[in-house]
Amino acid sequence: MHDVTLIVNGVPRHARVPARRLLSDFLRHDLGLTGTHVGCEHGVCGACTVLLDGQPVRACLTFAVSVAGHEVTTVEGLADGERLSPVQRAFAECHGLQCGFCTPGFLTTVTAFLRENPAPADDEAIEAVAGNLCRCTGYQNIVKSVHRAAELMAEEGP
Amino acid sequence: MKPPSFVYHAPATVAEAVEALTAAGADGKVLAGGQSLIPLMNMRLAAPGRLVDINHVAGLGEITAEAGGVRVGALARHAEVEASETAFAAQPLVRRALRLVAHPAVRNRGTTVGSIVHADPAAEMPAVLALLGGSVRVRGADGERDIPAAEFFTGPMESSLRTGELALSVFFPAAEGGTAIVEVARRHGDYAMAGVAALVAPGHARVACLSVGPVPVVVDVTEAGGDWARAARLVQEQIEPEADIHATADYRRHLTGVLAARALKEAADA
Ligand SMILES: Cc1cc2nc3c(=O)[nH]c(=O)nc-3n(C[C@H](O)[C@H](O)[C@H](O)COP(=O)(O)OP(=O)(O)OC[C@H]3O[C@@H](n4cnc5c(N)ncnc54)[C@H](O)[C@@H]3O)c2cc1C
Ligand code: FES
Ligand code: FES
């Protein structure tokens, strides 16, 4: 067993876990943060995507013990208190989700993407979400949400 | 599914890592980005008894210009190598090929050296290393050696790395002439059904094909003398594609011919 402490959404969180504990399960089972979803557990669907030191990674392809001490942002950490983040509001406004299973992965991925590319062209927006699968929306509204989030962020400033 | 349990080592230095790997013997595996190993463990296709996690080893993440090319350390993530101006200046093909590897979230964690050691014949970076005639620097209990690409890949997911050896870095040579890489995948970011990397220099042309043999297949097409349709036929004669759920053997052969002509033309114009 290993003592693992991660800075999750700005707060140090600790659990004692076996080395085989995936980061996705560490967040969900050990810390009770069930916002991070688990779909395929082999890196393909993107539902488990979290930000590790600000960069999107697959939580299902990361051992918690291997990233001890690092900063993790989950979907629970995107909002500012009660106020949803621009990316979250854009997805709600543009119907970028239906069942919501894939949504945490899209939200984290898009949040990191817009930080690097605040005004994406259409093909860049599509490319940005190409690694995440959604069985409901048909993607059109997700791509719209990316553009709307960029607008909201530009309006509201940093 | 969940990965099987294992004993975890987190060495801080290369010496400690080699020691842990040597002690573990055939039961040990290196954990780099985990983007190939952890899926295999989650699917219970791999069950190493001991994992030697190199993510905390100092000094393995460097990307350095050397005479005649660029050296990429074992902890340099695909995304870092892709963004590296040093790597791009030395060998632009490295960046172009990395943009075809999976998706950004996988590239943020997966390492270029890990992808080469993993030696998937459908992967882009082994083909790039084979095309350029690069090498892999490894260290074991008996010291360091450089393994040329032509001797490194020995079969699907098999390399000439010995039990207990750690890959420290790979070397991508600069190349005189132009290079290109093209592929066809079912979806962007998927492993390709077929793909071809090409190098065209004055008086010399060759390609490396992926997904059409147990290892990257390098074919010298110099004798085609710039007739890329003829070069494509030479390539088609040299490959032994297999069928799987994504494509038949005939379709792979057809694709590889078309892609070879396209890649060679692009490299010649580059
Ligand atoms: C959804 C998805 C899509 C993908 N698509 C592609 C694709 O299109 N093209 C592609 O090329 N790849 C693809 N990959 C694989 C990806 O490129 C991996 O990052 C890469 O294959 C392995 O690198 P890694 O650092 O993650 O290695 P790991 O998974 O940590 O290790 C892989 C293997 O190499 C060994 N190893 C790693 N580093 C060393 C070392 N320094 N010394 C000795 N042994 C070592 C490990 O023991 C293990 O056997 C994909 C992966 C996923 C999850
Ligand atoms: S659950 Fe991690 S990518 Fe599907
Ligand atoms: S909203 Fe249902 S899977 Fe995307």
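As the structure is a computational prediction, the values presented were derived from the model and not from experiment.

Before going further, it helps to spend a moment on the nonpolar core. By size, the foremost hydrophobic cluster in this structure holds 51 residues, and its most contacted members are Ile-116, Met-125 and Phe-172 of chain B. If you look at the next biggest cluster of nonpolar residues, it comprises 32 residues, including Cys-48 and Ala-59 of chain A together with Tyr-8 and Ala-46 of chain B.

So, about the packing of aromatic side chains. Applying the stated rule across the entire model yields 2 aromatic pairs over all chains. For the pair Phe-152 of chain B and Phe-153 of chain B, a centre-to-centre distance of 5.3 Å together with 90° between the ring planes defines the contact as edge-to-face.

All names here are of chain B. Secondary-structure assignment places Arg-252 in helix H11 (residues 249-269). In this structure Arg-252 comes out as buried when scored by relative accessible area, which is 4%. At 3.5 Å, the side chain of Arg-252 forms a polar contact with the backbone oxygen of Ala-247. With sequence-adjacent residues up to four places away left out, Arg-252 is seen in contact with Met-193, Ala-194, Ser-211, Val-212, Pro-241, Glu-242, Ala-243, Asp-244, His-246 and Ala-247.

This next bit is on the sheet that holds strand S12 (residues 194-201) of chain B. Residue and element names in this part refer to chain B. A sheet is described by the order of its strands in space; here 4 strands give the open sequence S11-S12-S13-S14, paired in antiparallel fashion. Two strands lie at the open edges of the sheet, namely strand S11 (178-184) and strand S14 (217-220), each paired on one side alone. Looking at each pair of strands side by side, their axes are set apart by 15° on average, direction ignored. Direction of pairing for strand S13 (residues 204-210) relative to S14: antiparallel, over a ladder of 4 bridges. Looking at S14, one finds that Ala-208 is bridged to Val-218. Across the sheet, helix H10 (residues 228-238) touches S12, S13 and S14, and the angle it forms with S14 is around 135°. Together, S11, S12 and S13 form the strand contacts of H11, whose direction differs from that of S12 by roughly 30°.

This part covers the domain arrangement of chain B. According to the domain assignment, chain B contains domain 1 (7-56), domain 2 (63-173) and domain 3 (178-269). For domain 1 of chain B versus domain 3 of chain B, the distance between C-alpha centres works out to 34 Å.

So, how was this worked out
- Residues numbered from 1 in each chain as written.
- Chains lettered and ligands numbered in written order.
- Predicted model: local features only at pLDDT ≥ 70, side-chain atom pairs only at ≥ 80, totals over all residues.
- Heavy atoms only, no water.
- Core = buried A, V, L, I, M, F, W, Y, C linked by side-chain atoms within 4.5 Å.
- Buried < 20%, exposed > 50% of the residue type's maximum accessible area, 1.4 Å probe, protein only.
- Phe/Tyr/Trp six-rings, centres within 6.5 Å; stacked < 30°, edge-to-face > 60°.
- Helix = DSSP H or I, 4+ residues; strand = E, 2+ residues; numbered from the N terminus.
- Polar contact = N/O pair within 3.5 Å; in protein donor to acceptor, adjacent residues only side chain to side chain.
- Contact = heavy atoms within 4.5 Å.
- Pairing = 2+ DSSP bridges.
- Axes fitted to C-alpha atoms, helices over the stretch in contact; angles between N-to-C directions.
- Domains from an automatic or database assignment.

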